[in-house]
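# Breakdown of the fold
Listed here are the chains, written in short residue letters.
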Amino acid sequence: MWWCGLVVAFFFNDTATTEIYTLPLHDALPILMVGGAMSTWGVPPSEDFQPPDPHDTLVVCSVSGGKDSTATSLYLTEQGVEHVRVFADTGWEHPDTLDYVKNHLPAVLGPITIVGREGGMPALIRRKGMFPSRVQRFCTVELKVKPILALLNELDPDRRAVNVVGIRAEESAARAKLHEWEHDANGFERWVWRPIIAWTLDDVIAIHHRHGVRPNPLYLAKSERVGCWPCIFARKAEIKNVADTTPWRIDEIRDLEAEATEAAAARYAARGETFESKGFPGGPTFFYPANKKSRGQHWPIDRAVEWSRTGRRGKGGEMFFDEAAPGCVRWGLCDSGTTHHDEDE
């Protein structure tokens, strides 16, 4: 593991408190949606359109509990940039990530404001009677963007703040296309700054060493990513890891699938329809194949777990992972790990 050998001295101080800011399950906060997903069209700086000096404006840094967002906050501190740290609790994180954000990071980064939505992911799925998907990726908007935007609007009603996210170009082809600075006119409606976009993994490790910061324990347990546990775009190894280490989460997903299927069947029945008449192979599932040759197939959680435990590899690519999907990856609201070798079913 890349963090082996790191020895840290951890100091707690009473001023590193954590604040919590929660949106109700229902709200009317507007977000521009394009094709079922949040619009992520941004405008890079130009000669006549320059971002503000981070030293002279409010700076808000998203912290996910992952290595890159932690490195970003540390870098801002080294540069003398005062900033507000915010963590979006989706109600779907691993308990170790929540503990790390609430009880460890504030001692080295400073106070962290936790935002979220009442009931988190399970309540949102139950209310909608469906799961987020590549086309309907409402999890990012409802559980992360809207709560953070509500906090930004409260702290910065004039929309002059800088929204800082920890994204590195070397992690994927999609991230390599992003600018260091970009004005987001449709989502956060503020300048987005990615100060570590050109950093390497060695740079990230080095800044943790300089400040004596231990990593999220999930990394030490051989997890490649932290964030939603699991993400709807989880890789094969990640699904296996969730099933092996936290089987209670698989049980929860199975129960949610049963509830969503019942709710969907009731909706269709009220219109005189069925899953079959709609052309669906079955009820809603947590995972929807992103792999082109498998799209349209029915993958309930137990089938996904069974597949994750196979050793077959090939050129077909990951079943559910979709690097091109917008949302958390673009805005640095989670740590999505590094690029993996493709695996087939």
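All figures in this text were calculated on a predicted structure; none of them were measured in a lab. (Residues numbered from 1 in each chain as written. Predicted model: local features only at pLDDT ≥ 70, side-chain atom pairs only at ≥ 80, totals over all residues. Heavy atoms only, no water.)

## A short note on the overall build of the protein chain
Within the protein chain one finds twelve helices and ten strands. When each of the 345 residues of the protein chain is scored for burial, the buried share is 53%. Taking the intrachain contacts of the protein chain between residues at least 6 apart in sequence as the baseline, contacts between residues at least 24 apart amount to 78%. Carbon together with sulfur atoms contributes 52% to the accessible area of the protein chain, which is approximately 15,400 Å² in total. (Helix = DSSP H or I, 4+ residues; strand = E, 2+ residues; numbered from the N terminus. Buried < 20%, exposed > 50% of the residue type's maximum accessible area, 1.4 Å probe, protein only. Contact = heavy atoms within 4.5 Å. Areas by Shrake-Rupley, 256 points an atom, 1.4 Å probe, with all protein chains shown as cover.)

## Describing helix α11 (residues 301-308)
Within the sequence span of α11, burial applies to I301, A304, V305, W307 and S308. Buried residues of α11 fall within an arc of 160° about the axis and therefore sit on the same side. Residues of α11 that are buried in the fold lie against α9 (236-245) and α10 (247-270). (Arc of directions from axis to C-beta.)

## Thoughts on the pattern of salt bridges
Oppositely charged side chains may form a pair once their charged atoms are brought near each other. Tallied over the full model, the rule gives 19 salt bridges. A salt bridge links D244 to K240, with the shortest nitrogen-to-oxygen separation between them at 2.7 Å. One end of the pair, D244, and the other, K240, are both in helix α9, four residues apart, so they sit about a helical turn from each other. Taking relative accessible area as the criterion, D244 reaches 40% and is therefore assigned partly exposed. (Salt bridge = Lys/Arg side-chain N within 4 Å of Asp/Glu carboxyl O.)

## Here we look at the nonpolar core
W92, F286 and F287 are the most contacted members of the largest nonpolar core, which totals 31 residues. Listed by contribution, the elements that provide at least two residues to this core are α4 (120-128), α5 (138-155), α8 (217-220), α9, α10 and α11. Once residues lying within four places of it in the same chain are set aside, the contact partners of W92 are M121, P122, G227, C228, W229, P230, R249, E252, I253, L256 and F286. Counting 15 residues, the second largest nonpolar core, distinct from the first, contains A71, L105, I112 and V204. (Core = buried A, V, L, I, M, F, W, Y, C linked by side-chain atoms within 4.5 Å.)

## Some thoughts on the state of the cysteines
Simply put, the disulfide is a covalent bond whose two ends are the sulfur atoms of two cysteines. Under the criterion given, the structure shown has zero disulfides. For the unlinked cysteine C228, the closest cysteine sulfur is that of C231, found at 6.2 Å. Using a relative accessible area of 12% as the deciding quantity, one classes C228 as buried. Of the residues examined, C231 reaches a relative accessible area of 17% and is grouped as buried. (Disulfide = S-S within 2.5 Å.)

## Concerning the confidence of the model for the protein chain
Averaged over all residues, the pLDDT of the protein chain is 82; the fraction at 70 or higher stands at 76%. The least confident element of the protein chain is strand β2 (residues 33-34), whose mean pLDDT is 39; the most confident is helix α1 (residues 67-78), at 97. Ignoring residues within four places in sequence, the model shows residues 28-40, a span with pLDDT below 50, making 33 contacts including any to other chains. Under a pLDDT of 50 for its full length, residues 338-345 has, in the predicted model, 36 contacts with residues more than four places off or in other chains. (pLDDT = per-residue confidence, 0-100.)

## Here's the deal with the packing of aromatic side chains
Per the counting criterion, the structure on display carries ten aromatic pairs. Judged by centre distance (6.1 Å) and plane angle (40°), the ring pair of Y268 and F280 falls under tilted. Remark: F280 occurs in the loop between α10 and α11 and Y268 occurs in helix α10; sequence separation between them is twelve residues. Ring pairing ties together the aromatic residues F49, W181, W191 and W193, which thus form one cluster. Just above the ring of W92 sits the side chain of R249; from NZ or CZ to the centre is 3.9 Å. Above the plane of the ring of W299 lies R303, whose end atom (NZ or CZ) is 4.0 Å from the centre. (Phe/Tyr/Trp six-rings, centres within 6.5 Å; stacked < 30°, edge-to-face > 60°. Lys NZ or Arg CZ within 6 Å of the ring centre and 35° of its normal.)

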